[in-house]
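# Structure assessment
Each chain is listed here by its residues.
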Amino acid sequence: MRALFIEHDHVSPPGLVGERLEQRGYEIVEHLIVPEDRFHDPGVTAEYPDPREFDVIIPMGAPWAAYDHDLVGSWVLPELDFLREADAADVPVLGICFGGQLLALAHGGSVAQGPAPEFGWVTIETDEPDVVAEGPWFQWHFDRWTVPPGAQEVARSAVASQTFLLRRNFAVQFHPELAADALRGWLDNGGHAELLKHDLDPAAVYDEMVAEEPAARERTYRLVDAFLERCVEQA
């Protein structure tokens, strides 16, 4: 079994989600879109594989806006087509943050700037705690989606929809994959300044991640198991 991680930047590794998929017998395949040397000029040209070559697909987060086609449309628009192809081919997709927003756009929803950003650990309201627990889950986003037609919204926060299910697509707005090493990469690539701009202490955010990581790992494992049960094994 093969799991394709679409990594939109060089600081978005498979992390805890990849760990659990490996434990469940999946080979991890990483597909980088914007390399490190283009991080500040992300309008690259990207090619996507045949989605039917994989058993699950995981589009990851990104620091850019999914609707900023002047900046990243060169690869966002082809990726939307790729996600539609995956859906048509009945390939399960777990979209994480930006990846979840792309799922919303690909299937008839919308994405726009939210009323406020969400940073750090947020407890969410969930209709199905066996599918997505209340958390807390780590958040880092400025935008939010509207749920696509026919999708089931499963969880939400005061700011944004947090999870929806549509056929074999499972979208989450938070970051279940994140561990302390990946957060360090975010902080070193503009995140430190971003937190300061929002009156947050980067050192405190990082320390909270270190302290919460063991419990977060268990929550993420349960989330991945729920994705596999709901969208892969019984679909």
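On a predicted model such as this, the values are computed, not experimentally measured, just so you know.

Our next topic: the packing of aromatic side chains. What describes a pair of aromatic rings is the distance from one ring centre to the other and the angle between the planes of the rings. Here the structure, examined in full by the defined rule, presents 12 aromatic pairs. Ring geometry for Trp140 versus Trp186: centroids 5.6 Å apart, planes at 80 degrees, classification edge-to-face. In this pair, Trp140 is assigned in strand E7 (residues 137-146) and Trp186 in helix H4 (residues 180-197), connecting sequence segments 46 residues apart. We note that Trp140, like Trp186, is buried. Within the aromatic cluster, the residues linked to one another by ring pairs are Phe119, Trp121, Phe138, Trp140, Phe142 and Trp186. In this structure, Arg184 packs its charged tip against the face of Tyr206, placed 4.3 Å from the ring centre.

Moving on: the side chain of Glu7. Within the fold, Glu7 resides in strand E1 (residues 2-7). Of the buried charged residues, Glu7 lacks a salt bridge, with Arg2 as the closest side chain of opposite charge at 13 Å. Contact partners of Glu7, with chain neighbours within four places excluded, come to Ser12, Pro13, Pro14, Glu30, His31, Leu32, Ile33, Val34 and Met60.

Another aspect to go through is the pattern of salt bridges. Counted according to the given criterion, the structure contains 17 salt bridges. A salt bridge links Asp225 to Arg24; its shortest N-O distance comes to 2.8 Å. Here Asp225, found in helix H5 (residues 202-233), pairs with Arg24, found in the loop between helix H1 (15-23) and strand E2 (27-32); they are 201 residues apart in sequence, far enough to count as distant. A salt bridge links Arg156 to Glu153, with the nearest nitrogen and oxygen atoms 2.8 Å apart. On the accessibility criterion, Arg156 (18% relative accessible area) is buried. When salt bridges that share partners are traced, they join Arg20, Arg24, Asp225 and Glu233 into one network.

Rules of the game
Residues numbered from 1 in each chain as written. Predicted model: local features only at pLDDT ≥ 70, side-chain atom pairs only at ≥ 80, totals over all residues. Heavy atoms only, no water. Phe/Tyr/Trp six-rings, centres within 6.5 Å; stacked < 30°, edge-to-face > 60°. Helix = DSSP H or I, 4+ residues; strand = E, 2+ residues; numbered from the N terminus. Buried < 20%, exposed > 50% of the residue type's maximum accessible area, 1.4 Å probe, protein only. Lys NZ or Arg CZ within 6 Å of the ring centre and 35° of its normal. Lys, Arg positive; Asp, Glu negative; His and termini not counted. Salt bridge = Lys/Arg side-chain N within 4 Å of Asp/Glu carboxyl O. Contact = heavy atoms within 4.5 Å.

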